Amino acid sequence: MTSSGPLRDPRHRVSPKAIRLWLAEALFGFVLLVGCSILVARWVGGSGWSWVPGWFADDPWLLPVGVGVLATPFLVAEPFVRYAVHRWELSGDVVYTRSGFLTREWVFVPVSRIQTVDKAQGWVERLLGLATLEIRTASHAGSSTIKGLDYTVAAGLAEELAHRAEQLRDDAT
């Protein structure tokens, strides 16, 4: 793929249902983070340790409240931002993916280098009808993962990639 300008976005977005998947993952992390901060607040707040600031020892509930207030915007925004930037495309003999917001990653995987194509489904993905497609080459740097695809799209893409990779390998012999 040659170009004189900036890279264009891959053509396809992941499934809109991926927003729900990423929201569930973020919510799980949020509950875990706030839960741990509650445990720390209870442990440190009632300890009577001299090194604990007086304002914290008197009001240990401020820690989980602060963690919750600071983490809520990320909980809400992250799935939508993630959906906006995750894209993929199969064009000719290259699988092209883009992901990331703060650190953007473009991955081009030549179909002729593909060794395995795997579909994976966690239990939340299964409930939502989603799947993750893992495209592996001999080099880890050339491998790619597309998370948040509709199951039927992932199955069709896996089949198409396997078929094209087999054809390109047969042509090379």
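Residues numbered from 1 in each chain as written. Predicted model: local features only at pLDDT ≥ 70, side-chain atom pairs only at ≥ 80, totals over all residues. Heavy atoms only, no water.

Trainee: Requested: an account of the overall build of the protein chain, with residues and values cited.
Mentor: The secondary structure content of the protein chain amounts to 5 helices and 7 strands. Listed by position from the N terminus, the elements making up the protein chain come as β-α-α-α-β-β-β-β-α-β-β-α. The globule rule puts the C-alpha radius of gyration for 173 residues at 16 Å, and the 22 Å found for the protein chain is more than 25% above it. Its C-alpha atoms give the protein chain principal-axis dimensions of roughly 75 × 40 × 30 Å. In the protein chain, which comprises 173 residues, the share counted as buried stands at 35%. Taking the intrachain contacts of the protein chain between residues at least 6 apart in sequence as the baseline, contacts between residues at least 24 apart amount to 54%. In the structure as shown, the protein chain presents an accessible area of about 10,800 Å², 62% of it carried by carbon and sulfur atoms. (Helix = DSSP H or I, 4+ residues; strand = E, 2+ residues; numbered from the N terminus. Rg over C-alpha atoms; globule rule 2.2 N^0.38 Å. Buried < 20%, exposed > 50% of the residue type's maximum accessible area, 1.4 Å probe, protein only. Contact = heavy atoms within 4.5 Å. Areas by Shrake-Rupley, 256 points an atom, 1.4 Å probe, with all protein chains shown as cover.)

Trainee: Talk me through the side chain of Arg 98; I want residue IDs and the actual numbers.
Mentor: Topologically, Arg 98 is positioned in strand E3 (residues 94-99). By relative accessible area, which is 5% here, Arg 98 ends up buried. Side chain to side chain, Arg 98 and Asp 9 meet in a polar contact 2.2 Å long. (Polar contact = N/O pair within 3.5 Å; in protein donor to acceptor, adjacent residues only side chain to side chain.)

Trainee: Any chance you could break down the pattern of salt bridges for me, citing the residues and the numbers?
Mentor: With the rule as written, the count across this model stands at 10 salt bridges. Close ionic contact of Arg 98 with Asp 9 constitutes a salt bridge, the shortest N to O distance being 2.2 Å. In this pair, Arg 98 is assigned in strand E3 and Asp 9 in the segment before strand E1 (12-13), connecting sequence segments 89 residues apart. With its nearest N and O atoms 3.1 Å apart, the salt bridge here joins Lys 17 to Asp 150. Residue Lys 17 is located in the loop between E1 and helix H1 (18-45), and its partner Asp 150 is located in strand E7 (residues 144-150); the two are separated by 133 residues in the primary sequence. With relative accessibility at 25%, the residue Lys 17 sits in the partly exposed group. In this structure, a network of salt bridges that share partners links the residues Glu 25, Glu 78, Arg 82 and Lys 147. (Salt bridge = Lys/Arg side-chain N within 4 Å of Asp/Glu carboxyl O.)

Trainee: Run through H1, naming residues and quoting values.
Mentor: When the terminal C-alpha atoms of H1 are compared, their 39 Å separation across 28 residues agrees well with the 40 Å that a helix rising 1.5 Å per residue should span. Among the residues of H1, those classed as buried are Ala 18, Ile 19, Leu 21, Trp 22, Ala 26, Phe 30, Val 34, Ser 37, Ala 41, Val 44 and Gly 45. The inward-facing, buried residues of H1 contact helix H2 (54-58), helix H3 (62-85), helix H4 (123-128), strand E6 (130-137) and E7. (Expected span 1.5 Å × (residues − 1).)

Trainee: Got a sec to walk through the packing of aromatic side chains? Specific residues and values, please.
Mentor: Under the defined criterion, the tally for this structure stands at 1 aromatic pair. Taking 4.4 Å as the distance between ring centres and 10 degrees as the angle between the ring planes, the aromatic pair formed by Tyr 96 and Phe 108 counts as stacked. You can see Tyr 96 sitting in strand E3 and its partner Phe 108 sitting in strand E4 (residues 105-110), a full 12 residues away along the chain. What makes Tyr 96 buried here is its relative accessible area of 1%. (Phe/Tyr/Trp six-rings, centres within 6.5 Å; stacked < 30°, edge-to-face > 60°.)

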